[in-house]
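Structural features, examined
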Amino acid sequence: MEKRRLEKLGIETSLLGFGCMRFPVTAEGKINEPEAERMLDKAIAAGVNYIDTAYPYHGGDSEPFVGKVLKKYDRSSLYLATKLPVWMVNSLEDVDRLFQEQLSRLQTDYIDFYLLHALGRDRFQDMVKLGVVDRLAELKAQGKIRYLGFSFHDSYEAFEHIINYREWDFCQIQLNYMDAEEQAGIKGYKLAEEKGVPLVVMEPIKGGSLAAYAEDITGRFRSLDPEASVASFALRWVGSLPGVKVILSGMSTMEQVEDNLKTFETFKPLSERESHEIRDIVALIKSRVQNGCTGCRYCMPCPAGVDIPGNFRVWNTYHMYQNYNVVKWNWEKEMGEGKQAKCCVKCGKCEAACPQKLSIRQDLERVQADLDKREFVI
């Protein structure tokens, strides 16, 4: 198993971390505990020593399940990560209550890697004003937290502000070859590396989007290595960055566990040929964007209830990956029929407000036609 040295902390972690937010579930939507335990056992036996969960994962069931499974292992042999649900914090009393609840759920008396969960600039400022960061530093001084960090979802500028606020032990960002310019992105990676802050990466496969393409792109990956999965190239892209110390993968099946172990047991950074091919694939995928909606939302609210930027985001993503399953949940559940393009009454209010001067009414017709047709189903 590939290991990485976190020089600042004086420890070594497995490059592959087990993300505990996508365990297999039963028909009732609960964690399939026997199978999930088998998956964790398999990963740990192969050398995975970084286990990442959080308060809300699986509707609150992930922490108790993880705590139960890890109870059979030597606690000092594993690094356990979980996160403070900052959206539930309105006082220091909330911090203390939530942290004690997490210790109880996880059946432990300390957390190795503790993160302020899903920070943006505004949320971080709220935590600073409440004294939450200082309270967590006190818990670290007491030995209840070994390493203090944060996970992040905002702009690069917000990331720069947060990472420079104090001397963090580590931080966690979203990074993959499609999102290198999004959120903290590759600029955030370089800043963390310059500051000597160990980096944990989430969404290396972009929620599964980088694991299942139409045959044209899948074929290009197969030409590089017919024995390797498409997902393995996304993981290797992230792992080729030396400042990345842990790559989290939210594994849902034993097959995913086994494939990831195959990638990391004999880890190979990308070759120049592979890196060049991935750059070309990214350019091809981005060229499939159907319109230039920036998500500025000047077109909103729509009098008919259409989520105009949401429709265009789903439409563009569908064409980029040429895979309906990538957008199925967003289109059918998150959007739902009431916000879909078919509800447009063609009043034109949106087009008058659009700074990009998009033909919104015409494009919404195309959105609905394409998503109804579902030409690309993998």
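Up top you'll find the structure we're talking about.
Attention here is on the structure that accompanies the text. (Residues numbered from 1 in each chain as written. Predicted model: local features only at pLDDT ≥ 70, side-chain atom pairs only at ≥ 80, totals over all residues. Heavy atoms only, no water.)

1. Comments concerning the nonpolar core
Residues Phe-18, Leu-116, Leu-136, Phe-150, Tyr-177, Phe-221 and Trp-237 are the most contacted members of the largest nonpolar core, which totals 91 residues. No other element matches helix H9 (residues 230–239), which puts 7 residues into this core. Those residues in contact with Tyr-177 that sit more than four places away from it in its chain are Leu-210, Tyr-213, Phe-221, Ala-234, Trp-237, Ile-278 and Val-282. Listed in part, the 22 residues of the second largest apolar core include Cys-299, Leu-358, Ile-360 and Leu-371. (Core = buried A, V, L, I, M, F, W, Y, C linked by side-chain atoms within 4.5 Å. Buried < 20%, exposed > 50% of the residue type's maximum accessible area, 1.4 Å probe, protein only. Helix = DSSP H or I, 4+ residues; strand = E, 2+ residues; numbered from the N terminus. Contact = heavy atoms within 4.5 Å.)

2. Considerations on the sheet that holds strand E8 (residues 170–174)
Sheet architecture is closed into a barrel: 8 strands sit in the order E3-E4-E5-E6-E7-E8-E9-E10, paired in parallel fashion. In this sheet, adjacent strand axes meet at a mean angle of 25° when their direction is disregarded. Bridge analysis of E8 against strand E9 (residues 199–202) gives 4 bridges, and the strand direction is parallel. Looking at E9, one finds that Gln-174 is bridged to Met-202. Along the sheet, helix H6 (residues 156–163) contacts strand E6 (111–119), strand E7 (145–152) and E8; its crossing angle with E7, the most-contacted strand, is approximately 160°. (Pairing = 2+ DSSP bridges. Axes fitted to C-alpha atoms, helices over the stretch in contact; angles between N-to-C directions.)

3. Structural notes on the pattern of salt bridges
Charged atoms that come close allow side chains of opposite charge to pair. As enumerated under the stated definition, the model contains 31 salt bridges in all. Measuring nitrogen to oxygen at the nearest pair gives 3.0 Å for the salt bridge that ties Glu-35 to Arg-38. With Glu-35 and Arg-38 both in helix H1 (residues 33–45) and 3 residues apart, the pair spans about one turn of that helix. Here Glu-35 falls in the partly exposed class, since its relative accessible area comes to 22%. With relative accessibility at 47%, the residue Arg-38 sits in the partly exposed group. Where Lys-140 meets Asp-169, a salt bridge forms, and the shortest distance between an N and an O atom there is 2.8 Å. Within this pair, whereas Lys-140 is found in helix H5 (residues 132–141), its partner Asp-169 is found in the loop between H6 and E8, the two being separated by 29 residues in sequence. The partly exposed category is assigned to Lys-140, whose relative accessible area is 32%. (Salt bridge = Lys/Arg side-chain N within 4 Å of Asp/Glu carboxyl O.)

4. Here we look at the packing of aromatic side chains
Throughout the structure, instances matching the rule amount to 19 aromatic pairs. When the centroid spacing of 6.5 Å and the interplanar angle of 75° are considered together, the rings of Tyr-177 and Trp-237 count as edge-to-face. Linking Tyr-177 in the loop between E8 and helix H7 (185–195) with Trp-237 in helix H9, this pair joins segments that are 60 residues apart in sequence. A ring pair is formed by Phe-312 and Trp-315, whose centres lie 6.1 Å apart and whose planes are at 40°; its orientation type is tilted. Here Phe-312 pairs with Trp-315, and both are found in helix H12 (residues 308–321), just 3 residues apart, close to one helical turn. Each member of the pair, Phe-312 together with Trp-315, is buried. Ring pairing ties together the aromatic residues Phe-124, Phe-150, Phe-152, Phe-159, Tyr-165 and Trp-168, which thus form one cluster. (Phe/Tyr/Trp six-rings, centres within 6.5 Å; stacked < 30°, edge-to-face > 60°.)

5. Re the side chain of Asn-316
Assignment of secondary structure puts Asn-316 in helix H12. Accessibility expressed as a relative area gives 9% for Asn-316, which makes it buried. Once residues lying within four places of it in the same chain are set aside, the contact partners of Asn-316 are Val-289, Gln-290 and Asn-291.

6. Comments concerning the layout of surface pockets
There is about 220 Å³ of room inside the second largest pocket. Lining the second largest pocket we find Asp-225, Glu-227, Ala-228, Ser-229, Ser-232, Arg-236, Asp-259, Lys-262, Thr-263, Thr-266 and Lys-268. Of all the secondary structure elements, the ones that give two or more residues to the lining of the second largest pocket are H9 and helix H10 (254–265). Tallying contributions element by element places H10 first for the lining of the second largest pocket, with 3 residues. (1 Å grid on protein atoms, 1.4 Å probe; cavity = no way out; pocket = protein on both sides within 12 Å on 5 of 7 lines; lining within 4 Å. Points joined across faces, edges and corners; volume = space filled by probe spheres on them.)

7. Re the state of the cysteines
Under the counting rule described, the total for this entry stands at 0 disulfides. Lacking any disulfide linkage, Cys-296 is separated from the closest cysteine sulfur, that of Cys-354, by 6.3 Å. No disulfide involves Cys-350; its nearest neighbouring cysteine sulfur is the one of Cys-347, lying 5.9 Å away. (Disulfide = S-S within 2.5 Å.)

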